[in-house]
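# Examining the three-dimensional arrangement
Residues per chain are reported as follows:
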Amino acid sequence: IKTGSDLTIISTGIMVHQVFKVADELAKHSIKAEIVDLYRIKPLNAELLLRLIEKSKRIVTVEENSITGGIGSVVSEVLADSGRAVSLKRIAIRDEHCFDYGDREWMHSLYGLDADSITKAILEWLR
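Overview of the structure. (Residues numbered from 1 in each chain as written. Predicted model: local features only at pLDDT ≥ 70, side-chain atom pairs only at ≥ 80, totals over all residues. Heavy atoms only, no water.)

## Brief notes about the overall build of the protein chain
Put simply, the test is: Only DSSP runs of H or I covering at least 4 residues are called helices, and only runs of E covering at least 2 are called strands; the numbering of each starts at the N terminus. With the radius of gyration taken over C-alpha atoms, the globule rule is written as 2.2 Å times the number of residues to the power 0.38.
Scanning the protein chain from terminus to terminus reveals five helices and four strands. Each helix and strand of the protein chain, ordered N terminal to C terminal, gives the series β-α-β-α-β-α-β-α-α. For 127 residues, the compact-globule estimate of 2.2 N^0.38 gives 14 Å, and the protein chain sits close to it at 14 Å. Reported as C-alpha extents along the three principal axes, the dimensions of the protein chain are approximately 40 × 35 × 25 Å.

Next up, the structure:
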């Protein structure tokens, strides 16, 4: 849903809104981020996904889900099955118990899923 040449960010749902903010912040660092909305995970259209990311040098997945078994896992499986070697960074909820509660914005901040935290994680990964 947005073109870019330096990396591709794949997300879905409400996190796509965060990713647009992240892309704007990355642009301030001269990083052009492409955005793909993976609106349907199952059944996954792997052929279309591979076409969308065929020129990507780096891929980041961002999701409001567990890091285990989510978009990052699906994308890594598609890449592996296709024999495509590309750097992949998965950003999601860590695989741990949560005993805190709050509204969605607070939880995003807690788990590093707010735009600032995502931007920071990507910039650190790119270094």
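From this point, the discussion proceeds with the structure in view.
## So, the packing of helix H1 (residues 15-27) against helix H5 (residues 115-126)
Which entries qualify depends on this criterion: Angular values range over 0 to 180 degrees, each being the angle between N-to-C directions of two axes fitted as lines to C-alpha atoms, with helices fitted over their stretch in contact. Angle categories are assigned with fixed cut-offs, so that under 35 degrees is roughly parallel, over 145 is roughly antiparallel, 65 to 115 is roughly perpendicular, and the rest are oblique. Definitions for this section: a left-handed crossing has its near helix turned counterclockwise from the far helix by less than a right angle. A right-handed crossing has that turn clockwise. Only heavy atoms enter the contact rule, under which two residues are in contact if any of them lie within 4.5 Å. Gly is placed with the polar residues, together with every amino acid not listed as nonpolar (Ala, Val, Leu, Ile, Met, Phe, Trp, Tyr, Cys and Pro) or charged (Asp, Glu, Lys and Arg).
At a closest axis distance of 9 Å, the pairing of H1 and H5 adopts a crossing angle of 55°. Taken as axis vectors, H1 and H5 run oblique relative to one another. As for the relative orientation of H1 and H5, their crossing is right-handed in sense. On the side of H1, the interface is formed by Met15, Gln18, Lys21, Val22, Glu25 and Leu26, while H5 contributes Ala115, Ile118, Thr119, Ile122 and Leu123. Of the residues belonging to the contact of H1 with H5, the class tally is seven nonpolar, two polar and two charged.

## Examining the side chain of Gln18
Rules: Only protein chains enter the accessibility calculation, which uses a 1.4 Å probe; a residue is then buried when its area is under 20% of its type maximum, exposed when over 50%, and partly exposed in between. In the analysis that follows, any N or O atom pair within 3.5 Å is treated as a polar contact, provided that within protein one partner can donate a hydrogen and the other can accept it, and provided that, for residues neighboring in sequence, both atoms belong to side chains.
By the secondary structure assignment, Gln18 is in helix H1. Residue classification places Gln18 among the buried residues on the basis of a relative accessible area of 10%. Polar side-chain contacts of Gln18 include one of 3.2 Å to the backbone oxygen of Leu113. Excluding its chain neighbours within four sequence positions, the residues that come into contact with Gln18 are His108, Leu113, Asp114, Ala115 and Ile118.

## Some points on the sheet that holds strand E2 (residues 33-37)
To keep it simple, the criterion reads: What makes two strands pair is DSSP finding at least two bridges between them.
Taken in spatial order, the four strands make up an open sheet running E2-E1-E3-E4, and their pairing is parallel. Each edge of the open sheet is held by one strand with a lone partner, namely E2 and strand E4 (87-93). Averaged over all adjacent pairs, the angle separating strand axes in this sheet is 20°, with direction ignored. The strands touched by helix H3 (residues 71-82) are strand E1 (7-11), strand E3 (58-66) and E4; relative to E3, the strand with the most contacts, the crossing angle is about 145°. Those strands touched by H5 are E1, E3 and E4, and its axis lies near 155° from that of E4.

## Overview of the environment of Val62
Topologically, Val62 is positioned in strand E3. Residue classification places Val62 among the buried positions, given a relative accessible area of 0%. Spatially, the C-alpha atom of Val62 lies 8.3 Å from that of Val16, the residues being 46 residues apart in sequence. Discounting residues that sit within four places of it in the chain, Val62 has contacts with Ile9, Ile10, Ser11, Thr12, Met15, Val19, Ile91 and Ile118.

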